[in-house]
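Each chain is listed here by its residues.
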Amino acid sequence: MTQPGAQAPLLLCLSHLRWDFVFQRPQHLLTRAARSYRVIFFEEPKRQPPAPDLPRLDRHRLPSGVEVVVPILPTGMDEAASDDAQRAMLDGLLAGQRPDVAWYYTPMSLGFTSHLQPLVTVYDCMDELSAFRGASPQLTLRERRLLRQADVVFTGGRSLYEAKLGLHPRVHLFTSGVDSAHFAQARTLRGAGAPEPADQAGLPHPRIGWFGVVDERMDLELLDAVAARRPDWSFVMIGPVVKIDPASCPRRPNIHWLGGRKMDELPAYLAGWDCGFMNFALNESTRFISPTKTPEYLAAGVPVVSTPIKDVVRSWGAEGLVGIATDADTAVAEIESAMARPREAWLPQADRLLSQGSWDSIWSSMHELLRQAAATKVAGDGSVSSRAVASPNHV
């Protein structure tokens, strides 16, 4: 597919997440946005020892057309100086072009973007960032500013939607979707008896798996307790460890920390799992989460057990598609029950629900809301370019 050229509407995304960290909501949506927009994905800064070439921007364009831009700043630069440096570099990057869409994942980016005056401002709120470990004390204040400026607000889960509903007149619920075809490869690989990844092939069954970021949202004590109760189970843990001391991860012969893997590699691992275990802690950082991995496990044909995260209970537990565990003993019982239940008994129901939440359909609905917001702005200001409301190349 031909990617939009320089004259395509410009979508500037301001993100606290790195593109190459974990492939999740921003990557799914903006890869699709790049079919219609020139997309710049502006990451939070990386820090390096002071050098003559700092500050600078590292830039690279992906095959999808998304341009990933990373500010490199010297260590020791304070927040005000960092904002000034990023503002100058961003202005140089844009070269006077006004963004048609400014798409925010973090309100902290307002510190260097509040002067841009985009045609449409989007706040895609996928987490309650103020509840995360290490959050800036300014984050709550800047979120209030962003909510005043935003033309539309998207939320990544029902609990977040309910929390933001009274704070903005145009809040839209878009729970994270699933690339069913990608994860369904695990079903095909399982049925074909395909070779497994080398670091998993030798692990005995049953295998209880996790993939995702390992941080303060994970209940490591629960994982340790469940693994202690069932030393005959193999716990396969895939994902980077961030914001917590790696030494806090429990070490047992049956817990296997494999590190991060690319999205393309996940189906091969999932094909060899007997159950997924989402051992989320119940704390402020998980109060509003709506885990994307829930439908991804199901699309892979892997039964799932989770701690009682509100959105998981309401969206999947109530449908009988995810087992809910409140402690180590119930987790063991729910995992045993999930593994004993024939896949044929629940897969058709799971597939019906999964078909309603594709990333393509989510982006299509979001894109329509963007075009409506842009059309409203154009109608109110005849000097504004109508480029941003042109028919999309693909939605």
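Cut-off values and rules
Residues numbered from 1 in each chain as written. Predicted model: local features only at pLDDT ≥ 70, side-chain atom pairs only at ≥ 80, totals over all residues. Heavy atoms only, no water. Helix = DSSP H or I, 4+ residues; strand = E, 2+ residues; numbered from the N terminus. Rg over C-alpha atoms; globule rule 2.2 N^0.38 Å. Buried < 20%, exposed > 50% of the residue type's maximum accessible area, 1.4 Å probe, protein only. Areas by Shrake-Rupley, 256 points an atom, 1.4 Å probe, with all protein chains shown as cover. Lys, Arg positive; Asp, Glu negative; His and termini not counted. Charge placed at Lys NZ, Arg CZ, Asp CG, Glu CD. pLDDT = per-residue confidence, 0-100. Contact = heavy atoms within 4.5 Å. Salt bridge = Lys/Arg side-chain N within 4 Å of Asp/Glu carboxyl O. 1 Å grid on protein atoms, 1.4 Å probe; cavity = no way out; pocket = protein on both sides within 12 Å on 5 of 7 lines; lining within 4 Å. Points joined across faces, edges and corners; volume = space filled by probe spheres on them. Pairing = 2+ DSSP bridges. Axes fitted to C-alpha atoms, helices over the stretch in contact; angles between N-to-C directions. Phe/Tyr/Trp six-rings, centres within 6.5 Å; stacked < 30°, edge-to-face > 60°. Lys NZ or Arg CZ within 6 Å of the ring centre and 35° of its normal.

1. Re the overall build of the chain
Part 1 of the reasoning: Per the secondary structure count, the chain includes 15 helices and 15 strands.
Part 2 of the reasoning: Since a compact globule built from 395 residues should have a radius of gyration of about 21 Å, the 22 Å found for the chain is in line with a globular shape.
Part 3 of the reasoning: Counting only residues that meet the buried cut, the chain has 53% of its 395 residues in that class.
Part 4 of the reasoning: When the accessible surface of the chain is split by element, carbon and sulfur atoms take 52% of a total near 16,700 Å².
Part 5 of the reasoning: Taking the average place of the 41 positive charges on the side chains of the chain and the average place of its 44 negative ones, the gap between the two points comes to 4 Å.

2. Re the confidence of the model for the chain
Part 1 of the reasoning: Put simply, the chain has an average pLDDT of 92, and 95% of its residues get 70 or more.
Part 2 of the reasoning: For the stretch residues 382-386, pLDDT sits under 50, and the model shows 6 contacts to residues farther than four places along the chain or on other chains.
Part 3 of the reasoning: Throughout residues 388-395 the model reports pLDDT below 50, and contacts reaching past four residues in sequence, or to other chains, amount to 23 contacts.

3. So, the pattern of salt bridges
Part 1 of the reasoning: As enumerated under the stated definition, the model contains 26 salt bridges in all.
Part 2 of the reasoning: A salt bridge links E79 to R142, with the nearest nitrogen and oxygen atoms 3.6 Å apart. Highlighted residues: E79 in helix α2 (residues 79-94) and R142 in helix α4 (residues 139-149), separated in sequence by 63 residues.
Part 3 of the reasoning: Residue E79 is classed as partly exposed on the basis of its relative accessible area of 34%.

4. Some details on the layout of surface pockets
Part 1 of the reasoning: Put simply, the second largest pocket is a space of about 560 Å³.
Part 2 of the reasoning: As for the second largest pocket, its lining consists of 24 residues, and the residues nearest its centre are T175, S176, S315, W316 and G357.
Part 3 of the reasoning: The dominant element in the lining of the second largest pocket, judged by the number of residues it contributes, is helix α12 (residues 310-317), at 4 residues.

5. Brief notes about the pairing of strand β10 (residues 207-211)
Part 1 of the reasoning: Of all 5 residues in β10, 5 are buried, a share of seventy percent or more.
Part 2 of the reasoning: Neither face of β10 is left uncovered, since the one carrying R207, G209 and F211 and the one carrying I208 and W210 both have all their residues buried.
Part 3 of the reasoning: As judged from the 5 bridges shared by β10 and strand β11 (residues 234-238), these two strands associate in the parallel manner. Looking across to β11, one finds that F211 is bridged to I238.
Part 4 of the reasoning: Strand direction decides the pairing type here: β10 and strand β13 (residues 275-278), joined by 2 bridges, are parallel. Looking at the pairing, I208 lines up with C275 of β13.

6. Some thoughts on the sheet that holds β11
Part 1 of the reasoning: Taken in spatial order, the 6 strands make up an open sheet running β12-β11-β10-β13-β14-β15, and their pairing is parallel. Strand pairing shows two members of the sheet lacking a second neighbour, β12 (255-259) and β15 (322-324), which therefore form its edges. Within this sheet the neighbouring strands show an average axis-to-axis angle of 25°, counted without direction.
Part 2 of the reasoning: The sheet contact formed by β11 and β12 spans 4 bridges and is parallel. Paired with M237 across the two strands is W257, which belongs to β12.
Part 3 of the reasoning: Against the sheet, helix α13 (residues 328-340) contacts β10, β13, β14 (304-306) and β15, and its axis sits at roughly 150° relative to β13.

7. Considerations on the packing of aromatic side chains
Part 1 of the reasoning: Enumeration according to the criterion identifies 14 aromatic pairs in this entry.
Part 2 of the reasoning: Ring centres of Y37 and W363 lie 6.4 Å apart, and the angle between their planes is 75°; on these two criteria the pair is classed as edge-to-face. Of this pair, Y37 sits in the loop between α1 (25-33) and β2 (38-43) while W363 sits in helix α15 (residues 359-380); the two residues are 326 residues apart in sequence, bridging distant segments of the chain. Both residues of the pair, Y37 and W363, count as buried.
Part 3 of the reasoning: Taken together, a centroid distance of 5.2 Å and an interplanar angle of 90° make the contact between F154 and F174 edge-to-face. A residue pair is termed long-range when its members are at least 10 positions apart, and F154 in strand β8 (residues 152-155) and F174 in the loop between β9 (171-173) and α6 (180-183) qualify at 20 residues.
Part 4 of the reasoning: You can call F174 buried: its relative accessible area is 12%.
Part 5 of the reasoning: Taken together, Y37, W103, Y105, F154, F174 and W363 form an aromatic cluster joined through their ring pairs.
Part 6 of the reasoning: The residue whose ring lies beneath K293 is W210, and the NZ or CZ to ring-centre distance is 4.6 Å.

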